[in-house]
Amino acid sequence: MTKISKYMLVLVLALPVAVGAQTRDLKVDTRAEVRTEVKAKVETGKASSTERKMERMDEKMKMRVGIVVRHFESAIERFENILGRLDSRIEKFRARGADVSESARFAAEAREKLGEAKVDLEAFVNASTTVSLKELHGEVKTHLRAIHEALVNSLRALKANV
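Here we summarise the structure given alongside this text. Please read these numbers as outputs of a predicted model, since none were measured by experiment.

Cut-offs and rules
Residues numbered from 1 in each chain as written. Predicted model: local features only at pLDDT ≥ 70, side-chain atom pairs only at ≥ 80, totals over all residues. Heavy atoms only, no water. Helix = DSSP H or I, 4+ residues; strand = E, 2+ residues; numbered from the N terminus. Areas by Shrake-Rupley, 256 points an atom, 1.4 Å probe, with all protein chains shown as cover. Patch = residues over 30% accessible without salt bridge, like charges linked within 9 Å, V, L, I, M, F, W, Y side chains within 5 Å. Salt bridge = Lys/Arg side-chain N within 4 Å of Asp/Glu carboxyl O. Lys, Arg positive; Asp, Glu negative; His and termini not counted. Charge placed at Lys NZ, Arg CZ, Asp CG, Glu CD. Buried < 20%, exposed > 50% of the residue type's maximum accessible area, 1.4 Å probe, protein only. Axes fitted to C-alpha atoms, helices over the stretch in contact; angles between N-to-C directions. Parallel < 35°, antiparallel > 145°, perpendicular 65-115°, else oblique. Left-handed = near helix turned anticlockwise from the far one by under 90°. Nonpolar A, V, L, I, M, F, W, Y, C, P; charged D, E, K, R; others polar. Phe/Tyr/Trp six-rings, centres within 6.5 Å; stacked < 30°, edge-to-face > 60°. Lys NZ or Arg CZ within 6 Å of the ring centre and 35° of its normal. Core = buried A, V, L, I, M, F, W, Y, C linked by side-chain atoms within 4.5 Å. Contact = heavy atoms within 4.5 Å.

Remarks on the overall build of the protein
- From N to C terminus, the protein includes three helices and zero strands.
- The secondary structure elements of the protein, listed N-terminal to C-terminal, are α-α-α.
- Counting every atom, the protein has about 12,300 Å² of accessible surface; 59% of that belongs to carbon and sulfur.

Details of a negative patch on the surface
- On the surface, a cluster of negative charge is made up of Glu51, Glu55, Asp58 and Glu59.
- Topologically, Asp58 is positioned in helix α1 (residues 3-96).
- Classification of Asp58 as partly exposed rests on a relative accessible area of 44%.

Things to note about the packing of helix α2 (residues 101-125) against helix α3 (residues 130-160)
- Interaxial distance between α2 and α3 falls to 8 Å at its minimum, and their mutual angle equals 165°. When the interaxial angle is binned, α2 and α3 end up roughly antiparallel. Crossing handedness for the pair α2 and α3: left-handed.
- Here the residues of the contact of α2 with α3 sort into 18 nonpolar, five polar and six charged.

Considerations on the packing of aromatic side chains
- Applying the stated criterion across every chain, the model contains one aromatic pair.
- Ring centres 6.3 Å apart and planes at 70° place the aromatic pair Phe72 and Phe124 in the edge-to-face group. A residue pair is termed long-range when its members are at least 10 positions apart, and Phe72 in helix α1 and Phe124 in helix α2 qualify at 52 residues.
- Overall, the relative accessible area of 3% leaves Phe72 in the buried class.
- Sitting above the plane of the Phe106 ring, Arg105 keeps its charged end 4.5 Å from the centroid.

Examining the nonpolar core
- Judged by nonpolar contacts, the single largest core of 25 residues is most densely connected at Leu121, Phe124, Leu144, Ile147 and Leu151.
- When residues of this core are traced back to their parent elements, those giving at least two are α1, α2 and α3.
- Top element by residues in this core is α1. It accounts for ten residues.
- Setting aside residues up to four positions removed in sequence, Phe124 forms contacts with Val65, Val68, Val69, Leu133, Leu136 and His137.

Describing the environment of Asn161
- Positionally, Asn161 belongs in the segment after α3.
- A C-alpha to C-alpha distance of 6.6 Å links Asn161 and Asp99, two positions 62 residues apart in sequence.

Okay, here's the thing in structure tokens:
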């Protein structure tokens, strides 16, 4: 074997080993790149799923707030209707000469609380945080209970003078 053929033989035998080392290095590099790409996708997936959860929670909260607002609005409408009927009864008894001053005072108190309830309900609709929603919900509920109590007292005073 000549010197050239020995070199050729060494090159032929060593070439696959060198090429294999290069391909292994490429595989390691591509695996690392794929790994970082997958991690990035997982992170964006987590962020987007968290955003979707928050959006769903916001939608549910808006639905619940809408239901509560409709409930409060219907209660206010009913109290306005009752207050109108009570005012007509007070005027009717006043025309007959009965003393309806206490009943009228309670009716005026109910009317005042009704205005406050409307203002708080408007603030409740425009509230942005859950803490303020809870506080305003409690205030509107308190006003509605005070309206009910004032209407009941007005009716009792009216019946007592008849």
